[in-house]
Amino acid sequence: MKIKTAQYMEFMMNKFSYLVKRLLLSLKNETFLDTIKKIINTLFGKNKIDLDKLSKDFAHLTLDDIFLVFGTDKGKLDGKKTYYNLKLSTNVNDNFKNYYSWIKRKNFKDFNYQLGNNFSPVYEKLFKDIKDKKNNILEIGVANGHSLASWYLYFKNSNIFGIDIKKKDKLFYKGNRLEYYSIDTLNQKKVTNFLKKNITFDVIIDDSNHNFEAFFKNIKNFYPLVKPGGMYILEDFVINDKERQAEIDFNLDNGYQILSRDSLLTVESFFNQVKDKKEFKNSFYFSDDEIKEIINSTENAELIYTEHPGGSLAILYKS
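Owing to the predicted nature of the structure, the values given are computational and were not obtained by experimental measurement.

A.B. asks: What am I meant to see in the overall build of the protein here?
C.D. replies: Looking only at helices and strands, the protein features 13 helices and 11 strands. Counting only contacts in the protein whose residues sit at least 6 apart along the sequence, the fraction spanning at least 24 positions is 63%. Split by element, the accessible area of the protein, about 17500 Å² in all, is 53% carbon and sulfur.

A.B. asks: Can you walk me through the pattern of salt bridges in this structure?
C.D. replies: Pairing is possible between side chains of opposite charge, provided their charged atoms come close. Summed over the entire model, instances satisfying the criterion amount to 11 salt bridges. Measuring nitrogen to oxygen at the nearest pair gives 2.8 Å for the salt bridge that ties E139 to K74. In this pair, E139 is assigned in strand β4 (residues 136-140) and K74 in the loop between α4 (63-70) and β2 (77-78), connecting sequence segments 65 residues apart. There is no split in this pair, since E139 and K74 are both buried. One salt bridge connects R244 with D262, and the closest N-O pair in it is separated by 3.3 Å. With R244 in helix α11 (residues 238-253) and D262 in the loop between α11 and α12 (267-275), this residue pair connects regions lying 18 residues apart in the sequence. Three or more residues joined by partner-sharing salt bridges are found here, namely K74, E139, D207 and E235.

A.B. asks: Which parts of the structure should I look at to understand α12?
C.D. replies: One full turn of an α-helix is made of 3.6 residues, so residues set three or four places apart face in the same direction. Of the positions making up α12, those classed as buried are V267, F270, F271, Q273 and V274. In a view along the axis of α12, the buried residues occupy a sector of 160°, so they form one face of it.

A.B. asks: Help me out: how do you make sense of the packing of helix α10 (residues 212-222) against α12 in this one?
C.D. replies: Packed helices, taken two at a time, are described by the angle between their axes plus the distance between the axes. Between α10 and α12, the least distance of the axes is 11 Å, while the angle of their chain directions is 25°. Between α10 and α12, the angle falls in the class roughly parallel. In this structure, α10 contributes F212, F215, F216 and I219 to the contact, and α12 contributes V267, F270 and F271. Taken together, the residues of the contact of α10 with α12 break down into 7 nonpolar, no polar and no charged.

A.B. asks: Please clarify how the sheet that holds strand β9 (residues 226-235) should be interpreted in this entry.
C.D. replies: Through backbone hydrogen bonds, the strands of a sheet pair up, either in parallel or in antiparallel fashion. The 7 strands are arranged β7-β5-β4-β8-β9-β11-β10 in an open sheet whose pairing can be described as mixed. Two strands bound the open sheet, and with one partner strand each, they are β7 (178-182) and β10 (298-305). On average, each strand axis in the sheet is inclined to that of its neighbour by 15°, with strand direction left out of account. The strands that helix α8 (residues 146-154) touches are β4, β5 (159-164), β7 and β8 (201-206); relative to β5, the one it contacts most, it runs at about 170°.

A.B. asks: Is there a simple way to think about α4 in this case?
C.D. replies: Judged by how many residues are buried, α4 sits mostly within the fold: 7 of 8 residues are covered. L63, D65, I66, F67, L68, V69 and F70 are the residues of α4 that are buried. A positive phi of about 90° marks G71, the residue just after α4.

A.B. asks: Sorry, what's going on with unusual backbone geometry here?
C.D. replies: Among all residues save glycine, negative phi is the norm, and among peptide bonds the norm is trans. A positive phi angle, near 50°, is found at N107, a position not held by glycine. If you trace the backbone, N107 turns up in the loop between α6 (99-103) and β3 (114-115). Overall, N107 belongs to the exposed group, its relative accessible area being 56%. With a phi angle near 60°, N198 is a residue other than glycine that sits in the positive phi range. The class for N198 is exposed, based on a relative accessible area of 63%.

A.B. asks: Can you walk me through the environment of I49 in this structure?
C.D. replies: Among the secondary structure elements, I49 is positioned in strand β1 (residues 49-50). On the basis of relative accessibility, which here comes to 8%, the residue I49 falls in the buried class. Between the C-alpha atoms of I49 and Y100, which are 51 residues apart in sequence, the distance is 6.7 Å. Not counting chain neighbours up to four residues away, the residues in contact with I49 comprise L54, Y99, Y100, I103, F172, Y173 and K174.

A.B. asks: Is there a simple way to explain the pairing of β10 in this structure?
C.D. replies: Moving residue by residue along a regular strand, the side chains alternate between the two faces of the sheet. Of the pairings in the sheet, the one linking β10 to strand β11 (residues 312-318) comprises 7 bridges and is antiparallel in character. Residue pairing for β11: N300 is matched across the bridge by Y317. In textbook terms, the turn of a hairpin is the stretch between consecutive antiparallel strands, and for β10 and β11 this stretch comprises 6 residues.

Definitions and cut-offs
Residues numbered from 1 in each chain as written. Predicted model: local features only at pLDDT ≥ 70, side-chain atom pairs only at ≥ 80, totals over all residues. Heavy atoms only, no water. Helix = DSSP H or I, 4+ residues; strand = E, 2+ residues; numbered from the N terminus. Contact = heavy atoms within 4.5 Å. Areas by Shrake-Rupley, 256 points an atom, 1.4 Å probe, with all protein chains shown as cover. Salt bridge = Lys/Arg side-chain N within 4 Å of Asp/Glu carboxyl O. Buried < 20%, exposed > 50% of the residue type's maximum accessible area, 1.4 Å probe, protein only. Arc of directions from axis to C-beta. Axes fitted to C-alpha atoms, helices over the stretch in contact; angles between N-to-C directions. Parallel < 35°, antiparallel > 145°, perpendicular 65-115°, else oblique. Nonpolar A, V, L, I, M, F, W, Y, C, P; charged D, E, K, R; others polar. Pairing = 2+ DSSP bridges.

Rendered as structure tokens:
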């Protein structure tokens, strides 16, 4: 009982802190009455964007357009950064008082955008045969949920799951097919509690912490949840790989070796060894049995790079 009480108090303190920040931010741009209404809606969970009400409006859009509308760097253009830049401009602030008004903007292509990772063509190809089926789709690392919203409208018959370290208050969206879990994926105890739910997935997309610890621990923990014939997709690893490979090459070229236990493993080398069915040792992240299981349960592994400097996808196809 004491543990549950402590967890509840922590939840309430986090919520209170969030509301104070929202109050100070809102008072800069809105009337006091509008701000109070927002706080009340936040307290009772009524301020989230209802994706079921938006579904008809976006049914005709391509996946890349959906990414752009909701604002995620998975598409050719990144819409979210433009929104926050516009929010800083007093000339247009009244047009986009909140993120819902940004999503509903007319002529959404007629803005200045930063280039995104341009994963859309890859994802369209990967998902063309399953997009209309009833799937379980999990994304790890969703921030405010803009990519979750994109998947919700693209996979119109699927259940969409999201995991992020942020509390549920920070998620902008709700939907009848949407489930969200506040979990630190580097906290093994919390991850284990989630795994006990025994939910399996047709697709898992990892867009969480972009570091090697998260890359490999998430594969270790979540890849077993992928159904036979499903996919595990890791995003945005190439910058980490290049930095690590440069360090490896620098030492080798000068007659030295890497002594850190995990520093010889890159995402590219890991996926290539799995693809080649080549067993290897890396006790820092995986036991020998875990590596064997990953190799034996994988039909194929693929590495895809886009023209964006950070645009990279590593895919495990479950056999």
